[in-house]
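What follows is the residue order along each chain.
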Amino acid sequence: MGISNTNNHQTYAKNSNWSSEKIAKYALFVALSMAVSFIEFPLIPDLSYLKYDPSGIVCLVAGFAYGPAAAAIVSILGFAPHLFTNPLGTVMAVLVSLGASVTAALIYKKMHTRKGAIIGLLAGSIIAIALAIAGNLVITPLYAHMTVSQVVALIIPALLPFNIIKLALHVVVTMLIYKPISNLLHENK
């Protein structure tokens, strides 16, 4: 008498955090993050080399919807296409995105309220700004032919305002769109 293995996949899917549906949703978030990462524009006219893209919003929504692991996956894989054309910029983008989205998702997971979302977004923004400044001090001299002191001189007039505006946009848009998207994502449950 043999043991049947016909239900192994179904049992695995029920007991696993990685269902086919969840993997498909993560893949959609990654694809959306990739797509919008190519939409770039300067936020500050005199600093046109600092470009904003809305992919961080996708990472934040994924993190709120599915937790810190989703935020990390979308943050890392969403920038994968840029690794070939701008590896150092990609490292910076991933670092900032991870700082914002994983931090926000961790806090929101513990405080699953509107207040928790706001606290998470603000804490994530502060960490992302700190990572952006630190990353610029290390990475910018490697590709922009600048000294660290020249990068330091850009913090107050350029890097800090750009990152504050960027993350403020991420926070506002995420707060506006998360609930309707969350309702769509979880309507079958």
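Quantities reported herein were computed from a predicted structural model and do not represent experimental measurements. (Residues numbered from 1 in each chain as written. Predicted model: local features only at pLDDT ≥ 70, side-chain atom pairs only at ≥ 80, totals over all residues. Heavy atoms only, no water.)

Asks: Can you help me understand the overall build of the chain in this one?
Replies: A count of helices and strands for the chain gives seven helices and two strands. For the chain, the N- to C-terminal ordering of α and β elements is α-α-β-β-α-α-α-α-α. Oriented by its inertia axes, the alpha-carbon framework of the chain measures out at about 75 × 35 × 25 Å. Relative to its full complement of 189 residues, the chain shows a buried share of 41%. When contacts within the chain are restricted to residue pairs at least 6 apart in sequence, long-range pairs at least 24 apart make up 66% of them. (Helix = DSSP H or I, 4+ residues; strand = E, 2+ residues; numbered from the N terminus. Buried < 20%, exposed > 50% of the residue type's maximum accessible area, 1.4 Å probe, protein only. Contact = heavy atoms within 4.5 Å.)

Asks: Sorry, what's going on with the side chain of T140 here?
Replies: If you trace the backbone, T140 turns up in helix α6 (residues 114-143). Setting aside residues no more than four positions away along its own chain, T140 makes contact with G135, H145, M146 and V151.

Asks: Any chance you could explain the packing of helix α2 (residues 20-37) against helix α4 (residues 68-77) here in plain terms?
Replies: A packed helix pair is summarised by two numbers, namely the angle formed by the two axes and the spacing between the axes. Where α2 meets α4, the axes come as close as 8 Å, and the angle between the chain directions of the two elements is 40°. Taken together, the axes of α2 and α4 are oblique relative to one another. Crossing of α2 against α4: the hand is right-handed. Seen from α2, the contacting residues are Y26, F29, V30, S33 and M34; seen from α4, they are A70, I73, V74 and L77. Grouping the amino acids of the contact of α2 with α4 by side-chain chemistry returns eight nonpolar, one polar and no charged. (Axes fitted to C-alpha atoms, helices over the stretch in contact; angles between N-to-C directions. Parallel < 35°, antiparallel > 145°, perpendicular 65-115°, else oblique. Left-handed = near helix turned anticlockwise from the far one by under 90°. Nonpolar A, V, L, I, M, F, W, Y, C, P; charged D, E, K, R; others polar.)

Asks: I would appreciate a short explanation of unusual backbone geometry in the present structure.
Replies: With the exception of glycine, most residues fall at negative phi, and the peptide bonds are largely trans. In this model, H145 sits at a positive phi of 50°, which is unusual for a non-glycine residue. By secondary structure assignment, the location of H145 is in the loop between α6 and α7 (148-185). Accessibility expressed as a relative area gives 75% for H145, which makes it exposed.

Asks: Teacher, can you tell me more about the environment of S37 here?
Replies: Looking at the secondary structure, you find S37 in helix α2. With 21 residues separating them along the chain, S37 and V58 place their C-alpha atoms 9.7 Å apart. Non-local contacts of S37, meaning those with residues more than four positions away in its chain, are made with D53, S55, G78, F79 and H82. For S37, the side chain forms a polar contact with the main-chain oxygen of M34, separated by 2.7 Å. (Polar contact = N/O pair within 3.5 Å; in protein donor to acceptor, adjacent residues only side chain to side chain.)

Asks: I'm lost on the UniProt feature "transmembrane region" (unreviewed entry) in the chain in this one. Help?
Replies: UniProt records the feature "transmembrane region" (unreviewed entry) at residues 23-44, 56-80, 86-107, 119-139 and 151-178, using the numbering of this structure. Across residues 23-44, helical content stands at 68% and strand content at 9%; the span's end C-alpha atoms are separated by 38 Å. With 100% helix and 0% strand, residues 119-139 has end C-alpha atoms that lie 29 Å from one another. (UniProt positions renumbered as here; feature names shortened; annotations may be inferred.)

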